[in-house]
Protein chains: 2
Amino acid sequence: MRNIKLIVEYDGTAYHGWQSQDNATAVQDVVTEAVNRLTGEKCSIIGSSRTDTGVHALGQVCNFFTNSKIPADKFAFALNTMLPDDIVIKHSEEVPADFHSRFSAKGKKYRYLIYNSTFPSALLRNRAYHVFYHLDCELMNKAAGHLTGTHDFIAFSAAGSSARTTTRTITQANVSRNGEMIEITVAGDGFLYNMVRIIAGTLVEVGFGKIPPDAISEIIAGRDRRKAGRTAPAHGLYLVEVYY
Amino acid sequence: MRNIKLIVEYDGTAYHGWQSQDNATAVQDVVTEAVNRLTGEKCSIIGSSRTDTGVHALGQVCNFFTNSKIPADKFAFALNTMLPDDIVIKHSEEVPADFHSRFSAKGKKYRYLIYNSTFPSALLRNRAYHVFYHLDCELMNKAAGHLTGTHDFIAFSAAGSSARTTTRTITQANVSRNGEMIEITVAGDGFLYNMVRIIAGTLVEVGFGKIPPDAISEIIAGRDRRKAGRTAPAHGLYLVEVYY
C-alpha cells in the first residue's frame with residue numbers, strides 16, 4: 001500500500017475541530033469522506049494535530065494508506081473537487097511507509113492574530129481576536145522572549161491534557177504589529193493542550209500592563225495555571241506548519 | 001433634525017449588495033433596522049455607493065436625519081450592539097444638514113484582491129479572486145498607469161449604468177504583490193457600474209500576457225466594452241474609502 005501525505009488549509013469556523021467525534025462534523029470527517037469517495041476504499045486519515053473548534057489551519061498535515069494508482073501529486077487536485085471550499089488540500093505526495101503525521105512530527109509553528117482596534121472588524125470577525133484596549137506590542141514581544149528554551153509548560157496547559165510530559169522546547173516566540181493587527185508567532189517541538197491560546201491570553205495581559213514581561217519566567221517556574229493569563233479565543237489561532 | 005454620518009465596514013458575502021431591493025436582504029436594510037430600533041424613528045439611510053452582491057466595504061459611508069439626542073460619536077457603539085457581526089459601524093459623527101453621502105462625495109478608493117496561487121485558499125475564499133496561473137504584477141502595474149487621468153471609461157462600464165456621463169478622473173491606479181496576494185488599488189472622482197471589476201478583469205488578462213500593457217490606452221479610446229477584459233468576480237472587491 002502507498003502512504004499519501006496531504007497538507008490541508010481550512011477555515012475552522014464551521015467545524016468542531018480537526019478530530020472526529022460524535023454528533024458534530026470535524027474537518028477529519030470531511031477529508032475522510034472525500035478520500036474514500038476518490039479511492040473507493042475505507043481509509044483512516046491520521047492527522048498531525050487536533051485543532052479546537054474554530055481554530056484554522058494553513059498547514060495541517062495528514063496521511064493515509066491506499067491501493068489507489070492515482071499519481072501522488074494529483075490527489076490534491078482531485079480531492080479539492082470533492083471538498084467544500086472551506087477545506088483545501090494544498091499539497092499531496094507519497095511518503096515512506098513509516099511516515100506518521102503525528103508521531104513523525106519534529107515541531108510545529110502556530111500564529112495567533114489579534115485585531116487591536118476600538119471597533120471590531122466585520123471582515124476579520126472569525127479570523128482574529130478583537131481587543132479594543134491598546135496593547136503595547138514591545139512589552140508583549142519582550143515577554144514572548146522569556147518563553148523560548150526548554151521548560152515545563154504546565155502553567156500554560158489546560159486540564160485534561162493526555163501528554164506524558166509537560167516539558168517542551170520553544171524555538172521561536174515573537175510578537176509584531178502591522179497597523180491594527182498584532183501577530184504572535186510561536187514554534188516549538190510540541191505544544192500542550194490549549195498552550196498557544198494560553199500563551200496568547202497571557203501576552204494580551206502583558207500588552208495592557210497587567211503582567212510585567214519579566215514575570216513570564218516566574219509564571220513558568222510556578223507551574224500554576226492560575227498565574228498565567230486567560231485562554232484566548234480559538235478563532236485567532238492558526239496552525240501554520242508542521243515540521244518533519 | 002440632526003444629520004448623522006456613519007462609516008460602515010461589512011463582509012458582503014451574505015448580502016445582496018448595499019442597496020435595498022425586493023425579496024433579498026441588503027446591507028442598507030440591516031443598518032436601517034438598527035437605526036430605527038435605536039432612535040424609535042423611521043429613518044431613511046442614504047448610502048454613498050451601491051455595492052454589488054458579495055462586494056465588501058471597509059469604508060462605506062451613509063447618513064440619516066434624526067431627532068435622537070444620543071451623542072453623535074455614541075451611535076457607532078450603540079448600533080454595533082444591534083447589528084450582526086458581519087456589519088460594523090467604525091465611526092459616527094454629526095455633519096451639516098446639506099451633507100449627502102452620495103452627492104457630497106468627491107472621490108472613492110477601491111481595492112481588488114487576487115490570490116495568485118496554484119491552489120485556492122480556504123481562508124480567503126470569499127475575500128480574494130483566485131487566479132491559479134501566474135500573473136506578472138509588473139505588467140499589470142504598467143497597464144494600470146495608463147488608466148490614470150481623465151478619460152471616457154465607457155469601455156470599462158457594464159450596460160445598464162444610469163450615469164449621465166461616462167467620463168471619470170482616475171487619480172491612482174497601481175498593482176502590487178505581497179507573496180501570493182496581488183492588490184489592485186484604484187482611486188478617482190467616481191466609478192461607472194462594474195468599472196473596478198472590469199479594470200481588475202482586464203489587468204488579469206494583462207498579467208498573463210493576453211493584453212499588452214500599452215493596449216489599455218487603445219481600449220479606453222476604442223469605447224468598446226468587448227475590447228476590455230472580463231468582469232472580475234465581486235468577492236475580490238472592497239470599497240475602501242469615500243472622500244468628501
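What counts and what doesn't
Residues numbered from 1 in each chain as written. Chains lettered and ligands numbered in written order. Predicted model: local features only at pLDDT ≥ 70, side-chain atom pairs only at ≥ 80, totals over all residues. Heavy atoms only, no water. Helix = DSSP H or I, 4+ residues; strand = E, 2+ residues; numbered from the N terminus. Rg over C-alpha atoms; globule rule 2.2 N^0.38 Å. Buried < 20%, exposed > 50% of the residue type's maximum accessible area, 1.4 Å probe, protein only. Contact = heavy atoms within 4.5 Å. Buried area = accessible area lost by both parts, 1.4 Å probe. Salt bridge = Lys/Arg side-chain N within 4 Å of Asp/Glu carboxyl O. Arc of directions from axis to C-beta. Pairing = 2+ DSSP bridges. Least-squares fit on C-alpha atoms with pLDDT ≥ 70 in both. Polar contact = N/O pair within 3.5 Å; in protein donor to acceptor, adjacent residues only side chain to side chain.

Colleague: What is the right way to look at the overall build of chain A in this model?
Modeller: Of regular secondary structure, chain A possesses 5 helices and 10 strands. Against the globule reference of 18 Å for 244 residues, chain A gives a C-alpha radius of gyration of 19 Å, in line with a compact fold. Taking the principal axes of the C-alpha coordinates as reference, chain A spans close to 60 × 40 × 30 Å. In chain A, which comprises 244 residues, the share counted as buried stands at 55%.

Colleague: Would you explain the interface of chain B and chain A in this entry?
Modeller: For an interface, size is often stated in terms of accessible area lost upon the parts coming together. Opposite the 26 residues of chain B that make contact, chain A presents 26 residues. A combined buried area of about 2000 Å² lies between chain B and chain A, and 60% of that area is made up of carbon and sulfur atoms. It is Phe119(B), Leu123(B) and Arg125(B) in chain B that bury the most area against chain A; as a group they hold 36% of the surface buried on that side. In this structure, the connection of chain B to chain A is made through 4 salt bridges.

Colleague: For this particular structure, what's the right way to read helix H5 (residues 215-222) of chain A?
Modeller: Owing to its 3.6 residues per turn, the α-helix aligns residues three or four sequence positions apart on the same side. Residues and elements named next belong to chain A. By the burial criterion, the buried members of H5 are Ala215, Ile216, Ile219 and Ile220. One face of H5 carries all of its buried residues, which in axial projection span an arc of 145 degrees. Opposite its buried face, H5 presents the exposed residues Glu218 and Ala221, each directed more than 90 degrees away. Contacts from the buried residues of H5 go to helix H3 (137-145), strand S7 (149-152) and helix H4 (195-207). Of the residues trailing H5, Arg223 is marked for its positive phi of about 50 degrees.

Colleague: Looking at this structure, I do not really get the pairing of strand S3 (residues 56-66) of chain A. What am I missing?
Modeller: Residues and elements named next belong to chain A. Where burial is concerned, most of S3 is hidden: 9 out of the 11 residues are buried. Two elements, strand S1 (residues 2-10) and S3, share 8 bridges in a ladder whose sense is antiparallel. Looking at the pairing, Ile4 lines up with Phe64 of S3.

Colleague: It is not clear to me how the relation of the copies chain B and chain A should be interpreted in this structure. Could you clarify?
Modeller: For the pair of chain copies, the relating operation is a rotation around an axis with a shift along it. For the pair chain B and chain A, the superposition axis carries a translation of 0.0 Å, the fit reaches an RMSD of 0.0 Å, and the rotation angle comes to 180 degrees. Such values leave the two copies arranged in the relation of a two-fold axis. Closest approach to the rotation axis among the C-alpha atoms of chain B is made by Leu124(B), whose C-alpha sits 5.4 Å away. A share of 100% of interface residues in chain B that are also interface residues in chain A marks the association as one of identical surfaces.

Colleague: How should the pairing of strand S10 (residues 237-243) of chain A be read in this particular structure?
Modeller: It is a general feature of regular strands that their side chains alternate between the two faces of the sheet. Residue and element names in this part refer to chain A. Burial within S10 is extensive, with 5 of its 7 residues counted as buried. Bridge count for S3 against S10 is 2 bridges, and the pairing is parallel. Paired with Ala57 across the two strands is Leu239, which belongs to S10. Bridging between strand S5 (residues 107-116) and S10 involves 6 bridges; their strand directions are antiparallel.

Colleague: Before we go on, may I ask you to explain the pattern of salt bridges in this structure?
Modeller: Once the charged atoms of two side chains with opposite charge are near each other, the side chains can pair. According to the stated counting rule, one finds 26 salt bridges over all chains in the structure shown. As a salt-bridge pair, Asp224(A) and Arg226(A) come within 3.2 Å of each other at their nearest N and O atoms. Residue classification places Asp224(A) among the buried positions, given a relative accessible area of 17%. Here the salt bridges share partners, and the residues they tie into one network are Asp11(A), Asp85(A), Arg127(A) and Arg125(B).

Colleague: Any chance you could explain helix H3 (residues 137-145) of chain B here in plain terms?
Modeller: Residue and element names in this part refer to chain B. Those residues of H3 that sit buried are Cys137, Met140, Ala143 and Ala144. Summarising the axial view, the buried residues of H3 lie within an arc of 120 degrees, below the 170-degree limit, and thus occupy one face. Of the residues in H3, the exposed ones pointing more than 90 degrees away from the buried face are Glu138 and Lys142. Tucked into the core, H3 has its buried residues touching strand S5 (107-116), strand S8 (167-178), strand S9 (181-188), helix H4 (195-207) and helix H5 (215-222). Put simply, Asp136 is the residue that caps the front of H3, since its side-chain oxygen is 3.0 Å from the backbone nitrogen of Glu138.

Colleague: Just checking my understanding: could you explain unusual backbone geometry for this structure?
Modeller: Glycine aside, negative phi is the norm for most residues, and most peptide bonds take the trans geometry. Residue and element names in this part refer to chain B. Backbone geometry at Asn194 places phi at a positive 70 degrees, although glycine is not the residue there. Mapped onto the fold, Asn194 is located in the loop between S9 and H4. Despite not being glycine, Arg223 shows a phi value in the positive range, around 50 degrees. Within the fold, Arg223 resides in the loop between H5 and strand S10 (237-243). Its relative accessible area of 53% is what places Arg223 among the exposed residues.

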